[in-house]
Amino acid sequence: LYYLSRCAWKLAKNCFQQSMNASNTVSERRRYDDLVIYLNQMRMIRGKTKAATLKLKPALDSARLRGDVQCQILALIVQITAHVQLRNFEKANSKLDQVRIMLSRDNTPVSSALLVGAAEDLSAAPSLQSTAAPHSPSLSSSGKGSSSRSAADNAAAFAKDLRSGD
C-alpha cells in the first residue's frame, strides 16, 4: 500500500502480486482476495476501470462463498465506484443496495468513509452527467434519466444515513 500511496504503480503491482502468491501458497484466501481488491482498485485509479470491474468478480464470489461480509462490501464499494465511472448507474445502484442489505442484516464493522464516498459518488453522478459537454449524450436522451435520478436519490439517502450514524 505504501507504493500505491506514492503512485509507484509498477512497484505496487509487484508487491501485490508477490503478496498474492504468498497468500495463495499458504492458502490464506481472505488475504488473497483483499489483495485482488486492492490491485483492482489501483487499476481503476489508473483508468483501467472496465478491466478492474471484471477482475474483481472472482474475489467477490470467493468472499460470498466464505460468507465474508467485510470482503464482499469492500469489493462492492470498488465496483460501485467503477460503475459510476463507466456511467452504469443502475449497476452501481444495485451494488449499493447489496451493501445496504448486508449492513442491515449483519453487524459488520466497515469503514463508513469508504461507503459514504461511494454513495456520494453515485448520488452526484447524474448531476455531473447533466453538466457534460453538449456533444455528450444526456441521461434523459438515453431514456435512463428517471432511473439514474432514483439511483442518485437512493445513494444520497444512504450516504446521509451513514453520516448520521457516526
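To be clear, the structure that these remarks concern was listed above.
Owing to the predicted nature of the structure, the values given are computational and were not obtained by experimental measurement.

**Notes on the overall build of the protein chain**
Part 1 of the argument: Helix and strand counts for the protein chain stand at eight helices and zero strands.
Part 2 of the argument: Of the regular secondary structure in the protein chain, the N- to C-terminal order runs α-α-α-α-α-α-α-α.
Part 3 of the argument: Burial statistics for the protein chain: of 166 residues in total, 39% are counted as buried.
Part 4 of the argument: Taking contacts inside the protein chain between residues at least 6 apart in sequence as the whole, the part at least 24 apart equals 61%.
Part 5 of the argument: A total of about 9200 Å² of accessible surface is found on the protein chain, and carbon and sulfur atoms cover 53% of it.

**Remarks on the packing of aromatic side chains**
Part 1 of the argument: Evaluation of the coordinates by the stated rule reveals one aromatic pair.
Part 2 of the argument: Taken together, a centroid distance of 5.5 Å and an interplanar angle of 70° make the contact between Y2 and Y3 edge-to-face.

**So, a nonpolar patch on the surface**
Part 1 of the argument: Together, Y2, Y3 and L11 give the surface a local cluster of nonpolar side chains, amounting to about 320 Å² of exposed area.
Part 2 of the argument: By secondary structure assignment, the location of Y2 is in helix α1 (residues 2-5).
Part 3 of the argument: For Y2, a relative accessible area of 55% gives the class exposed.

**What about the nonpolar core?**
Part 1 of the argument: Counting 31 residues, the largest nonpolar core has F16, I37, M42 and I73 as the members making the most contacts within it.
Part 2 of the argument: When residues of this core are traced back to their parent elements, those giving at least two are α2 (9-25), α3 (29-45), α4 (49-66), α5 (69-85) and α6 (89-105).
Part 3 of the argument: Ranked by residue count, the leading element in this core is α5, at eleven residues.

The rules behind the values
- Residues numbered from 1 in each chain as written.
- Predicted model: local features only at pLDDT ≥ 70, side-chain atom pairs only at ≥ 80, totals over all residues.
- Heavy atoms only, no water.
- Helix = DSSP H or I, 4+ residues; strand = E, 2+ residues; numbered from the N terminus.
- Buried < 20%, exposed > 50% of the residue type's maximum accessible area, 1.4 Å probe, protein only.
- Contact = heavy atoms within 4.5 Å.
- Areas by Shrake-Rupley, 256 points an atom, 1.4 Å probe, with all protein chains shown as cover.
- Phe/Tyr/Trp six-rings, centres within 6.5 Å; stacked < 30°, edge-to-face > 60°.
- Patch = residues over 30% accessible without salt bridge, like charges linked within 9 Å, V, L, I, M, F, W, Y side chains within 5 Å.
- Salt bridge = Lys/Arg side-chain N within 4 Å of Asp/Glu carboxyl O.
- Core = buried A, V, L, I, M, F, W, Y, C linked by side-chain atoms within 4.5 Å.

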